[in-house]
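Descriptive analysis of the structure
Okay, here's what each chain looks like letter by letter:
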Amino acid sequence: QNLPHVPFSKSEGKFVMRCTMAESKKETMRVEGNGTLEVTIAQFWSSLGSTDVEVEVYFFGVVPDSASLFLSTVSPVATTHVQSGPGPV
């Protein structure tokens, strides 16, 4: 997560997951407001061949401006903005 006035080395989180076919994994992390969060999915350099992947990212306590994001090789980048809902988060 990129945060204003915070060195990236102090705010980054990195998760490397290795999954077998039909395996499900879950990772949880806290994010701060007024920052940018980047989620990157990539095949490891030594993995040969094509790979199909399905990813779900959930945020709690915020409301996105899009209900769903769709990525493909034709359109590999998507952006959504979120804001806190009413009441404490």
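For the structure, check the block above.
Residues numbered from 1 in each chain as written. Predicted model: local features only at pLDDT ≥ 70, side-chain atom pairs only at ≥ 80, totals over all residues. Heavy atoms only, no water.

1. Description of the overall build of the chain
- Counting secondary structure elements, the chain contains one helix and two strands.
- Whereas a compact globule of 89 residues would reach a radius of gyration of roughly 12 Å, the chain reaches 15 Å, over 25% beyond that.
- Dimensions along the principal axes, computed over C-alpha positions, put the chain at roughly 45 × 30 × 25 Å.
- Burial status across the chain gives 3% buried among its 89 residues.
- Sequence separation of at least 24 residues holds for 27% of the intrachain contacts in the chain that already meet a minimum separation of 6.
- Accessible area of the chain: about 8800 Å², with a carbon and sulfur share of 55%.
- Here the chain carries 6 positive and 9 negative side-chain charges, and the mean point of each set is 10 Å from the other. (Helix = DSSP H or I, 4+ residues; strand = E, 2+ residues; numbered from the N terminus. Rg over C-alpha atoms; globule rule 2.2 N^0.38 Å. Buried < 20%, exposed > 50% of the residue type's maximum accessible area, 1.4 Å probe, protein only. Contact = heavy atoms within 4.5 Å. Areas by Shrake-Rupley, 256 points an atom, 1.4 Å probe, with all protein chains shown as cover. Lys, Arg positive; Asp, Glu negative; His and termini not counted. Charge placed at Lys NZ, Arg CZ, Asp CG, Glu CD.)

2. Overview of a nonpolar patch on the surface
- Where nonpolar side chains cluster on the molecular surface, the patch consists of Phe15, Met17, Met29, Val31, Leu37, Val39, Ile41, Val53, Val55, Val57 and Phe59 and spans about 940 Å² of accessible area.
- With respect to the helices and strands, the residue Val31 is situated in the loop between helix H1 (8-11) and strand E1 (62-64).
- Classification of Val31 by relative accessible area gives partly exposed; the value is 34%. (Patch = residues over 30% accessible without salt bridge, like charges linked within 9 Å, V, L, I, M, F, W, Y side chains within 5 Å. Salt bridge = Lys/Arg side-chain N within 4 Å of Asp/Glu carboxyl O.)

3. Focus: the packing of aromatic side chains
- Under the criterion given, the structure shown has one aromatic pair.
- With 6.0 Å between their ring centres and 45° between their planes, Phe44 and Trp45 make a pair best called tilted.
- Look at Trp45 and you get exposed, because its relative accessible area is 72%. (Phe/Tyr/Trp six-rings, centres within 6.5 Å; stacked < 30°, edge-to-face > 60°.)

That is the geometry; function is a separate question.
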